[in-house]
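# Fold and contact review
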Amino acid sequence: QVQLAESGGGLVQAGGSLRLSCAASGRTLISYVMGWFRQAPGKEREFVAAISRAGGNMYYANSVKGRFTISRENAKNMVYLQMSSLKPEDTAVYYCAADLSVVVAAEPTQYDYWGQGTQVTVSA
């Protein structure tokens, strides 16, 4: 198993940037497809980005493509989400998730482990 802990959230103005970090402990990170999801109050959990086990393939929701970048450093047990050109619509709790699979998925039910979430608030 793996434990995940997000950090880096906060309050930023529209157009600003944040980098979220996800620190993993337990099983080696290379075993997992990793994803970022977000959930705003009253809404369902939404796919943001995912990255393959070795980091060679990245996938993004259309709403964030071109603005967000997912990356991983398996040797450091770290996953990142660099967010730029932030919009008020990006306001949500952001979750890091791990999936014991060889395929990248945008479906939250496929992911096996979740962090506690970190709040991102973007003001107009």
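Structure first, text after, so check above.
Attention in this report is confined to the structure presented alongside it. (Residues numbered from 1 in each chain as written. Predicted model: local features only at pLDDT ≥ 70, side-chain atom pairs only at ≥ 80, totals over all residues. Heavy atoms only, no water.)

Along the chain, the position of Gly10 falls in strand β2 (residues 10-13). When the C-alpha atoms of Gly10 and Thr118 are compared, they prove to be 8.0 Å apart, with 108 residues separating the residues in sequence. What Gly10 contacts, discounting residues up to four positions off in sequence, is Leu18, Gln119, Val120 and Thr121. (Helix = DSSP H or I, 4+ residues; strand = E, 2+ residues; numbered from the N terminus. Contact = heavy atoms within 4.5 Å.)

Positive phi, close to 55 degrees, is recorded for Asn77, a residue that is not glycine. Relative to the helices and strands, Asn77 resides in the loop between β7 (68-73) and β8 (78-83). The partly exposed category is assigned to Asn77, whose relative accessible area is 29%. Although it is not a glycine, Ser85 adopts a positive phi angle of roughly 50 degrees. Along the polypeptide, Ser85 turns up in the loop between β8 and β9 (92-99). (Buried < 20%, exposed > 50% of the residue type's maximum accessible area, 1.4 Å probe, protein only.)

Within the secondary structure layout, Arg38 lies in strand β4 (residues 33-39). Looking at Arg38, its side chain comes within polar contact range of the side chain of Tyr94, at 2.9 Å. Those residues in contact with Arg38 that lie beyond four places of it in its chain are Glu44, Arg45, Glu46, Val48, Ser63, Val64, Phe68, Glu89, Asp90, Ala92, Val93 and Tyr94. (Polar contact = N/O pair within 3.5 Å; in protein donor to acceptor, adjacent residues only side chain to side chain.)

Another aspect to go through is the state of the cysteines. According to the stated counting rule, one finds one disulfide in the structure shown. Note that Cys22 is cross-linked by a disulfide to Cys96, the S-S spacing being 2.1 Å. Every disulfide takes its handedness from the sign of the S-S torsion; for Cys22 and Cys96 that torsion is -80 degrees, giving left-handed. Of this pair, Cys22 sits in strand β3 (residues 18-26) while Cys96 is found in strand β9, placing the two residues 74 residues apart along the sequence. Classification of Cys22 by relative accessible area gives buried; the value is 1%. (Disulfide = S-S within 2.5 Å.)

Moving on, we get to the pattern of salt bridges. Applying the stated rule across the entire model yields four salt bridges. Between Glu46 and Arg38 there is a salt bridge, with its nearest N and O atoms 3.0 Å apart. Overall, the relative accessible area of 33% leaves Glu46 in the partly exposed class. The shortest N-O distance in the salt bridge between Arg38 and Asp90 comes to 2.9 Å. Of this pair, Arg38 sits in strand β4 while Asp90 is found in the loop between β8 and β9, placing the two residues 52 residues apart along the sequence. Residues joined by salt bridges that share partners form a network here, namely Arg38, Glu46, Arg67 and Asp90. (Salt bridge = Lys/Arg side-chain N within 4 Å of Asp/Glu carboxyl O.)

Distances and angles like these do not, on their own, reveal function.
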